[in-house]
Amino acid sequence: MTEQNKQQFDNQQTYINAIRVLSAEAVEKANSGHPGMPMGMATAAYVLWMKHMRYNPNNPNWQNRDRFVLSAGHGSMLLYSLLYLTGYDVSVEDIKNFRQWDSKTPGHPEYRHTPGVETTTGPLGQGFANAVGMAMAEAHLAERFNKHGFQIVDHHTYVIASDGDLMEGISHEAASLAGHLKLGKLICLYDDNEISIEGHTHLAFTDDTKKRFEAYGWHVITVEDGNDVTAIDNAITQAKLENQAPSIIITKTNIGYGSPTKQNTASAHGEPLGEQELARTKEQLGWTETEPFKIPEEILSHYRVMKQGGNNREQSWNKELERYIQEYPALGQEWLHMQDNKLPTKWDCTIPKFPKTDKGIATRNASGKVLNEIAKKVPALIGGSADLAPSNKTIIESELDFSALNYEARNIRFGVREHGMGGILNGMALYGGLIPYGGTFLIFTDYMRPSIRLAALMGLKVIYVCTHDSIGLGEDGPTHQPIEHLLSLRAIPGLTVIRPADANETSRAWQWAVDAASGPVVLSLTRQNLPVLDEESYPNVADATKGAYILRKEQKQNPDAIIIGTGSETHFALEAASKLANHNIDARVVSMPSWEMFELQSEDYKQQVLPDNVTCRVSIEAGMTLGWERYTLNSQACIGINHFGASAPYKKLYEKFGITTEAVVEKVLQLR
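Residues numbered from 1 in each chain as written. Predicted model: local features only at pLDDT ≥ 70, side-chain atom pairs only at ≥ 80, totals over all residues. Heavy atoms only, no water.

Peer 1: Quick rundown of the domain arrangement of the protein chain? Include the residues and the values.
Peer 2: Partitioning the protein chain into domains gives domain 1 (16–310), domain 2 (363–524) and domain 3 (547–671). The C-alpha centroid of domain 3 is placed 27 Å from the C-alpha centroid of domain 2. Between domain 2 and domain 3, the residue contacts involve 24 residues of the former and 33 residues of the latter. Across the interface of domain 2 and domain 3, roughly 2,300 Å² is buried in total on both sides, 59% from carbon and sulfur atoms. Taken together, the links from domain 2 to domain 3 amount to 2 salt bridges. In this structure, the salt-bridge partner of Glu 621 is Arg 490, at a minimum N-O distance of 2.8 Å. A breakdown of the residues in the side of domain 2 that touches domain 3 according to their chemical character gives 12 nonpolar, 6 polar and 6 charged. (Domains from an automatic or database assignment. Contact = heavy atoms within 4.5 Å. Buried area = accessible area lost by both parts, 1.4 Å probe. Salt bridge = Lys/Arg side-chain N within 4 Å of Asp/Glu carboxyl O. Nonpolar A, V, L, I, M, F, W, Y, C, P; charged D, E, K, R; others polar.)

Here is the structure:
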């Protein structure tokens, strides 16, 4: 090695060690965190961020940036160090306040909280699936908008994943689909350090990862030394050249690299090094700066060149976009509208209003009709089902299937992968410009609940089409009949659950989810046919987007009782009100498709619907009764099902489980 090459090598190691030292110092100061992963992956991250990734620290939201996902979110100080060093709006004070109240640097990366963080990660495997969704979004929009001479959408999605990420089932689901779709612009750097919290990964994880990912159809590269800059550089270059398969770079690293006694041990994973060990680590790394969190100007200058480079890249792209808009004005305006989350003019003018019909309409069928009308006008709408499209009615009939041969199509076949689907939908929403939806049975939201929760935490516009929403699905029995699911989903902050009572409420639920919703929405839909609440007979049905409204008004100035229903059981409430008239009880019927939407209304409106002076209130819903007492004022006034279902025709189940018109009448008479 020449003297000049040695100097370059030494400088490069110092730049890399800045990441290690910052990460370890922040964890030490917080007395909490995970230093090992940032120290072990510092070289790979440095090579990626300084030699390959395209981004602009001055504008974290530049549309054609490479996406970077730290799926191993426990190693958040790796990302925060990079954000600070390269010049994002993350200061050294933010680094010092790692994991503290009101800091920009929380324990795990949080979307919309820290500039440059693309997604909230920490629950392992979620970020990996998000990255697959981002790569799918990039592929879709590239094929939709790119024209000869104009690469408006042209970038990679990078993800750093840990052993734990690849153990989690969601990573298996997402990786399988990514390989099937041949997502060539997805590149995963796998931090193969063979250490987890409990010790060596061989305690529970002896997969042949290379063979596993080859079987999925991935391009697999192995880097034997995670500190070999040249090898990592060459591996990423090779991965970028592969456009017919996603790539995984298996990077053999040393957790806690540089720590004299904790390197390659479980104790480096999730606890501070300790003051003395930190000092010895700095010495071993050749770090001479004695002041904590002090990064020499030479090192900062080296990293901060990315600011000017990012500006130049974005400005060049902006000029290309201007030329594109001139050459393709219609597509250009569509691109701008999608990126600004603007819906087309009169996008909802063809959303159907359903007339009264003798046979009735299942809300899943109504949903399918509404979805198809919206899809004709809203190009951002894209999605599919976890192998249940014929049952969920989630096919866009005018579209082909999204595939490796046709990324522009909008029907996504997720396969039987509910959890993977949930994480992928989040990635597509995070990418921007798209409104993703995914269908399954309501019962199987159990399989994707962690992803639904994260969608709510991040405030993502994702629509879940959840059919077969009660014992009303009948003969498939208790394994498929949701009981506790509506309650458990309503318990997630930021998630809106809508259970429409008929086809017209379903129309309005879709309209609200596409336009007004600021976060994820669950549409809870029936398998069985329901009577249609036509606007001529029920003019207030337009108020369904208020979460609750007066469906049947009482004859007196004040009602004697209020019956509250959701979904299919709202029709029992209507029938019960008619029968109660024979007992000289004038009952109001309130349809309440959504607790969350109702709680958004003014106190005056809530009083109009559920006045305090009417205390005889009964609710009916084919699910757990817990929670309904907030509206009935009496836990004994809630009709539902607090046990598992059974296999039988659905009408027999309603009868046997006491979810009937007669049960409502009897309950009102008891309370009166």
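Peer 1: Before we move on, can you summarise the state of the cysteines with the specific residues and values?
Peer 2: Tallied over the full model, the rule gives 0 disulfides. Cysteine Cys 638 is unpaired, with the sulfur of Cys 616 as its nearest cysteine sulfur at 12 Å. (Disulfide = S-S within 2.5 Å.)

Peer 1: Explain the UniProt feature "binding site: thiamine diphosphate" (unreviewed entry) in the protein chain residue by residue, including any values.
Peer 2: Here, UniProt's "binding site: thiamine diphosphate" (unreviewed entry) annotation points to His 74, Gly 122, Pro 123, Leu 124, Gly 164, Asn 193, His 269 and Phe 444. Judged by maximum C-alpha separation, these annotated positions cover 371 residues in sequence and are scattered in space, the widest gap reaching 34.2 Å. Among the secondary structure elements, Gly 122 is positioned in the loop between helix H4 (92–96) and helix H5 (126–145). Excluding residues that lie within four positions of it along the chain, Gly 122 makes contacts with Ser 71, Gly 73 and His 108. With a relative accessible area of 11%, His 269 lands in the buried category. With residues up to four places along the chain from it excluded, the contact list for His 269 reads Gly 33, His 34, Pro 35, Gly 36, His 74, Ile 197 and Ile 255. (UniProt positions renumbered as here; feature names shortened; annotations may be inferred. Helix = DSSP H or I, 4+ residues; strand = E, 2+ residues; numbered from the N terminus. Buried < 20%, exposed > 50% of the residue type's maximum accessible area, 1.4 Å probe, protein only.)

Peer 1: So what's going on with the sheet that holds strand E1 (residues 67–70)? Residues and values would help.
Peer 2: On the basis of which strands lie adjacent, the open sheet formed by 5 strands has the order E1-E2-E3-E7-E6 and parallel pairing. Of all strands in the sheet, those bounded by a partner on one side alone are E1 and strand E6 (219–223). Taking each pair of neighbouring strands and ignoring which way they run, the sheet shows an average axis angle of 15°. Here strand E2 (residues 157–162) runs beside strand E3 (residues 186–192); their pairing, made up of 6 bridges, is parallel. Within E3, the residue paired with Ser 162 across the bridge is Asp 191. (Pairing = 2+ DSSP bridges. Axes fitted to C-alpha atoms, helices over the stretch in contact; angles between N-to-C directions.)

Peer 1: So, the sheet that holds strand E18 (residues 587–591): which residues are in play, and what are the values?
Peer 2: Read across the sheet, 5 strands follow the order E16-E18-E17-E19-E20 without closing on themselves; strand pairing throughout is mixed. This sheet does not close on itself; its edge strands, each paired only once, are strand E16 (549–552) and strand E20 (638–639). Bridging between strand E17 (residues 561–565) and E18 involves 5 bridges; their strand directions are parallel. Within E18, the position partnered with Ile 564 by the bridge is Val 590. Across the sheet, helix H19 (residues 570–580) is in contact with E16, E17, E18 and strand E19 (617–620); its angle to E18 comes to roughly 170°.

Peer 1: Describe the nonpolar core, naming the residues involved and giving the relevant values.
Peer 2: Ranked by size, the top nonpolar core spans 104 residues in total, and within it Phe 128, Leu 183, Trp 218, Tyr 464 and Trp 510 carry the most contacts. For this core, the element with the highest residue contribution is H5, accounting for 12 residues. Among the domains, domain 1 (16–310) and domain 2 (363–524) are the pair contributing at least three residues each to this core. Other than its neighbours up to four places away in sequence, Tyr 464 contacts Leu 425, Asn 426, Gly 438, Met 448, Ser 451, Ile 452, Ala 455, Leu 495, Pro 520, Val 521, Val 522 and Leu 523. Ala 30, Tyr 46, Ala 72 and Phe 293 belong to the second largest nonpolar core, which has 57 residues in total. (Core = buried A, V, L, I, M, F, W, Y, C linked by side-chain atoms within 4.5 Å.)

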